[in-house]
Amino acid sequence: MTGNNPFTSAMAQLTKATTILEQRVTSTEIRERLKQKIEQLRQPKRIINVTLPVVMDDGTQQIFQGYRVQFNNARGPYKGGIRYHPNVSLDEVKALSFWMAMKCAVADLPMGGGKGGVIVDPKSLSEKELERLTRAYGKAIADVVGPDKDVPAPDVNTNGVIMGWMLEEFIKSKVHTVHKVKNVTNVKTLQTFNSSQLRATFTGKRIEDGGSEGREEATGLGGLYVLQTILDKLELQSSKVKSSSKSQVQNKQFTVAIQGFGNVGYNIAKFLYESGFRVVAVSDSKGGIYVPDGINPELTLECKKKNGYLAGCYCSGSVCDLKKGKQISNAELLELPVDILVPSALENAITKENASKIKAKVVLEMANGPTTPEADIILYKRRIPVIPDILSNSGGVSVSAFEWEQNLKNEHWSKTKVNEKLKAKMEKQAGSVWDASMTYKTDLRTAAFVVALERILKAMS
Ligand code: NAD
């Protein structure tokens, strides 16, 4: 990965989409108003900087730095994940919160954009240290989050358990406030608060904490629906096989390489595999594997968990066999001659340095910000469609919004209901982005930004 600044990239994407919007405006007055609103979208509404003293297991104290950026709430409460990573920076969180505002608008959710991050390598912490750090962060942001204010969720290196700890800290802070305000000793118990709508403050929770069915795999599943919709539009499938009916046999024609094998990378691998695609390569931060026959993602994950790394986990069909594959680097994975490349790790995977070497026919961005604006231009010139992050990975936030809605209504929907709603949403929004790209004769990313901006600008007036 390079030193590209993700916020600079995000603003370049905004500028490109704005040009299209401006071209459609004839009145000077309306153009001026449009400019003013876009100016507002160039900076977050609020940046919260938190300092987190944490007692380590050996009794020493370590101070961690964290952020919560609330970018825009024109369409509803701020919404976005919390990331734990040593490379977290304010500009990264700003970019991610901006993309969340765009993503929620593309997905047509009644939510704005926010994001959080803590500068930490969570792998260097014990479970107890991770919990203490999480509780410190949860307490530090308790005043600025809430079901109608800002609704965080998991992101890189965070999960449902971590959301549960944060929710407890948030509820404790509310109990504390009630206690102080009412000046009573016998305040509402934590349990009373637990069953209330306060759970809607965090999404991506465990089911027992009020989480939604299907949330954990929603980003991957949503990505599959988006990919299938766009592949149909691109008529790639019909050029590969004569028949026009969709089937596992057809999907089998497509080879896929996936960078990242965490929540998103693993789940998209699993859904693609189950739909008949051939996932020939996956990777994580330690490197990748190439298995020409196509991996079985579940077996590969089991093997990775057992060994601690992917190397040697050449698991195809029902067996893992050292002769079936080989180790590759992350750079090699990105340049494999596959049909579909799926960056599912971090920002800046595809840059001006490697964009001309990408051999995939389609890029499905499951990570946030994996392609820099310079790389976008190169890929567009090379006629490699990039299905943009704010569309491809919006399945996660969509089911997060379903979770929020279920909590607010005190309901629990079945997985079938959640997945049906997700499918309908993803197919509809992928169709809207495709149509916008045809109308404005532009790439899918710019089209997605135009769709999002039109919705946000309307809400800002
Ligand atoms: P995760 O922590 O579960 O997994 C991240 C994966 O990326 C791990 O396998 C890690 O080893 C790998 N990785 C890290 N650096 C790498 C590198 N240099 N090369 C190759 N692999 C590398 O995180 P996640 O939740 O899967 O998120 C992945 C991406 O998807 C992020 O960009 C995140 O913002 C985005 N995203 C996540 C969700 C969600 O629901 N979790 C939703 C939308 C977008």
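Residues numbered from 1 in each chain as written. Predicted model: local features only at pLDDT ≥ 70, side-chain atom pairs only at ≥ 80, totals over all residues. Heavy atoms only, no water.

**A closer look at the overall build of the protein chain**
Scanning the protein chain from terminus to terminus reveals 17 helices and 14 strands. Taken over C-alpha atoms, the radius of gyration comes to 22 Å for the protein chain, in line with the 23 Å a tight globule of 461 residues would show. When the backbone C-alpha atoms are referred to their principal axes, the protein chain occupies close to 75 × 65 × 40 Å. A total of 461 residues make up the protein chain; the buried ones form 59% of that total. Pairs at least 24 apart in sequence give 68% of the contacts found in the protein chain among residues at least 6 apart. Put simply, the protein chain shows about 19600 Å² of open surface, and 50% of that area lies on carbon and sulfur atoms. With 63 positive and 49 negative side-chain charges, the protein chain shows a separation of 3 Å between the mean positions of the two kinds. (Helix = DSSP H or I, 4+ residues; strand = E, 2+ residues; numbered from the N terminus. Rg over C-alpha atoms; globule rule 2.2 N^0.38 Å. Buried < 20%, exposed > 50% of the residue type's maximum accessible area, 1.4 Å probe, protein only. Contact = heavy atoms within 4.5 Å. Areas by Shrake-Rupley, 256 points an atom, 1.4 Å probe, with all protein chains shown as cover. Lys, Arg positive; Asp, Glu negative; His and termini not counted. Charge placed at Lys NZ, Arg CZ, Asp CG, Glu CD.)

**So, the pairing of strand β5 (residues 150–154)**
In terms of burial, β5 is largely enclosed, as 5 of its 5 residues are buried. Note: strand β3 (residues 78–85) against β5, 5 bridges, orientation parallel. Paired with glycine 81 across the bridge in β5 is alanine 153. (Pairing = 2+ DSSP bridges.)

**A few points about the sheet that holds strand β2 (residues 61–72)**
Paired through backbone hydrogen bonds, the strands of a sheet run either parallel or antiparallel to each other. Pairing is mixed across the open sheet formed by 5 strands, whose spatial order is β1-β2-β4-β3-β5. Only two strands of the sheet have a single partner each, and these edge strands are β1 (46–55) and β5. Pairs of neighbouring strands in the sheet enclose a mean axial angle of 20 degrees, with direction left out of account. Bridge analysis of β1 against β2 gives 10 bridges, and the strand direction is antiparallel. Bridge pairing links arginine 46 to glutamine 70 in β2. (Axes fitted to C-alpha atoms, helices over the stretch in contact; angles between N-to-C directions.)

**Here we look at the confidence of the model for the protein chain**
Per-residue confidence for the protein chain gives a mean pLDDT of 93; residues scoring 70 or more make up 91%. The low-confidence segment residues 184–190, where pLDDT is below 50, has 10 contacts with residues more than four positions distant or belonging to other chains. (pLDDT = per-residue confidence, 0-100.)

**Digging into the layout of surface pockets**
The calculated volume of the second largest pocket comes to roughly 380 Å³. Tyr380, Pro385, Thr442, Asp443 and Leu444 are the residues nearest the centre of the second largest pocket, which is lined by 16 residues in total. Those elements that place two or more of their residues in the lining of the second largest pocket are α13 (373–381) and α16 (415–439). Taken together, the residues of the lining of the second largest pocket break down into 9 nonpolar, 2 polar and 5 charged. (1 Å grid on protein atoms, 1.4 Å probe; cavity = no way out; pocket = protein on both sides within 12 Å on 5 of 7 lines; lining within 4 Å. Points joined across faces, edges and corners; volume = space filled by probe spheres on them. Nonpolar A, V, L, I, M, F, W, Y, C, P; charged D, E, K, R; others polar.)

**Examining the site of the ligand**
Near the ligand there are 25 residues, and of these Arg83, Asp155, Thr219, Val264 and Asn368 occur at the shortest range. Measuring from an oxygen atom of the ligand, one finds a side-chain N or O atom of aspartate 155 at 2.7 Å. Note that a nitrogen atom of the ligand is positioned 3.1 Å from one of the side-chain N or O atoms of asparagine 330. Here the ligand, which alone exposes 830 Å², has 86% of that area covered by the protein. Taken together, the elements giving at least two residues each to the shell around the ligand come down to α7 (215–234), α10 (263–274) and β7 (278–284). In the shell around the ligand, the residues fall into 8 nonpolar, 12 polar and 5 charged. (Near = heavy atom within 4 Å. Polar contact = N/O pair within 3.5 Å; in protein donor to acceptor, adjacent residues only side chain to side chain.)

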